[in-house]
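Coordinate inspection notes
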Amino acid sequence: MIIRVVPSQIVISFVIGVIAMSWYYMSSLMTMNMEPVTQWNAYDLLMLFVMWTVMMFGMMLPSAVPVILLVNNINEQRLSRGAAYVHSGYFILGYLMAWTFYSLLITFIQYWLHHLALLTPMMVSAEVWFTSILFLLAGIYQWLPIKQRCLNVCRSPLGFIMKEWGEGINNAIKLGFKHGQYCLGCCWVLMGLLFTAGVMDLKWVLVLTLVILTEKLLPEGKITSRALGVGFIIYAMYLHV
């Protein structure tokens, strides 16, 4: 049975569809499904996990479009010369799995922060010092070698793909998951800044999405990353003035 590689136009249409549905949920359904919570139960945690998962898909997939298209193009080239290949959707699945696991982790972290009364029922930082620490940590992380190493892979993924490429469905999922881990390494601290202005604040979600796109896709993304780090540190210090 012959399975053809999905054309790039279909792949990008699928990704855009997932992004559009994610942003529709965030703009129209998120506040409806996530009311202020004072006493958490299992349903609240489940909806919080759904919220974080959808947000991560909507925020991270736009910057992943180039690497997704790169993987699909490689598969198309392999098909043209009769080499083994798999559906590019398995790479996307692996990538989204990485952010789904992060969403699960951040869900329990947020629950813990609510338990410590560091977040209000509206999911906003309840203490200036906590906000300051989040910005300080984000600023420092922007300058750390691990951040820049992960950013390099996200900005220039071809070497990573050639090194990690494997045959078969499992290896395609594994490749997507590994690349998702590098993207996670770039952005996980930035996501923590959602706690400073409100996890459900769509404007703040959009700002962070644009920051991620700038870091990964623009020519001066690495410089922007470090400049943002300086800005975060200065703002953290300003909060104590």
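For the structure, check the block above.
Heads up: these notes are all about the structure in this document. Bear in mind the structure is a predicted one, so any value in this text is a computation, not a measurement. (Residues numbered from 1 in each chain as written. Predicted model: local features only at pLDDT ≥ 70, side-chain atom pairs only at ≥ 80, totals over all residues. Heavy atoms only, no water.)

1. Describing the overall build of the chain
In terms of helices and strands, the chain carries 10 helices and 0 strands. For the chain, the spread of C-alpha atoms along the three principal axes comes to 65 × 40 × 25 Å. Residues counted as buried form 47% of the 241 residues belonging to the chain. Here the contacts in the chain between residues at least 6 apart in sequence split such that 79% fall between residues at least 24 apart. Of note, the chain has its 13 positive side-chain charges centred 14 Å away from the centre of its 9 negative side-chain charges. (Helix = DSSP H or I, 4+ residues; strand = E, 2+ residues; numbered from the N terminus. Buried < 20%, exposed > 50% of the residue type's maximum accessible area, 1.4 Å probe, protein only. Contact = heavy atoms within 4.5 Å. Lys, Arg positive; Asp, Glu negative; His and termini not counted. Charge placed at Lys NZ, Arg CZ, Asp CG, Glu CD.)

2. A short note on the side chain of threonine 131
With respect to the helices and strands, threonine 131 occurs in helix 4 (residues 128-141). Here threonine 131 falls in the buried class, since its relative accessible area comes to 12%. When neighbours within four sequence positions are excluded, threonine 131 is seen to be in contact with Ser125, Thr196 and Leu239.

3. Points about the pattern of salt bridges
If you walk through the whole model with that rule in mind, you get 3 salt bridges. The residue lysine 147 makes a salt bridge to glutamate 215 at a minimum N-O spacing of 2.8 Å. Here glutamate 215 lies in helix 9 (residues 202-217) and lysine 147 lies in helix 5 (residues 145-155), a separation of 68 residues in the sequence. For the residue pair lysine 147 and glutamate 215, the accessibility class agrees, reading buried in each case. Here lysine 203 makes a salt bridge to aspartate 201, at a shortest N to O gap of 3.7 Å. (Salt bridge = Lys/Arg side-chain N within 4 Å of Asp/Glu carboxyl O.)

4. A word on the environment of valine 71
Mapped onto the elements of the fold, valine 71 is located in helix 2 (residues 42-80). Through-space distance from the C-alpha of valine 71 to that of alanine 172 is 9.5 Å; in sequence the pair is 101 residues apart. Apart from residues no more than four positions distant in its own chain, valine 71 is found in contact with Ser88, Phe91, Ile161 and Trp165.

5. A look at unusual backbone geometry
The backbone phi angle of alanine 117 is positive, close to 65°, even though this residue is not glycine. Examined against the element boundaries, alanine 117 turns out to sit in the loop between helix 3 (89-115) and helix 4. Despite not being glycine, methionine 123 shows a phi value in the positive range, around 65°.

6. Quick notes on the packing of aromatic side chains
In the structure shown here, the tally under the stated rule is 9 aromatic pairs. Look at tryptophan 129 and phenylalanine 130: their rings are 6.2 Å apart centre to centre, the planes differ by 75°, and that puts the pair in the edge-to-face class. Judged by centre distance (5.3 Å) and plane angle (75°), the rings of phenylalanine 160 and tyrosine 182 are edge-to-face. Taken together, the residues phenylalanine 160 in helix 6 (residues 158-164) and tyrosine 182 in helix 7 (residues 169-192) connect sequence positions 22 residues apart. With relative accessibility at 29%, the residue tyrosine 182 sits in the partly exposed group. In textbook terms, an aromatic cluster arises when at least three aromatic residues are bridged by ring pairs, as seen for Phe135, Phe232, Tyr235 and Tyr238. Residue placement shows arginine 226 over the ring face of tryptophan 143; its charged tip is 5.5 Å from the ring centre. (Phe/Tyr/Trp six-rings, centres within 6.5 Å; stacked < 30°, edge-to-face > 60°. Lys NZ or Arg CZ within 6 Å of the ring centre and 35° of its normal.)

So yeah, pure geometry; function would need other evidence.
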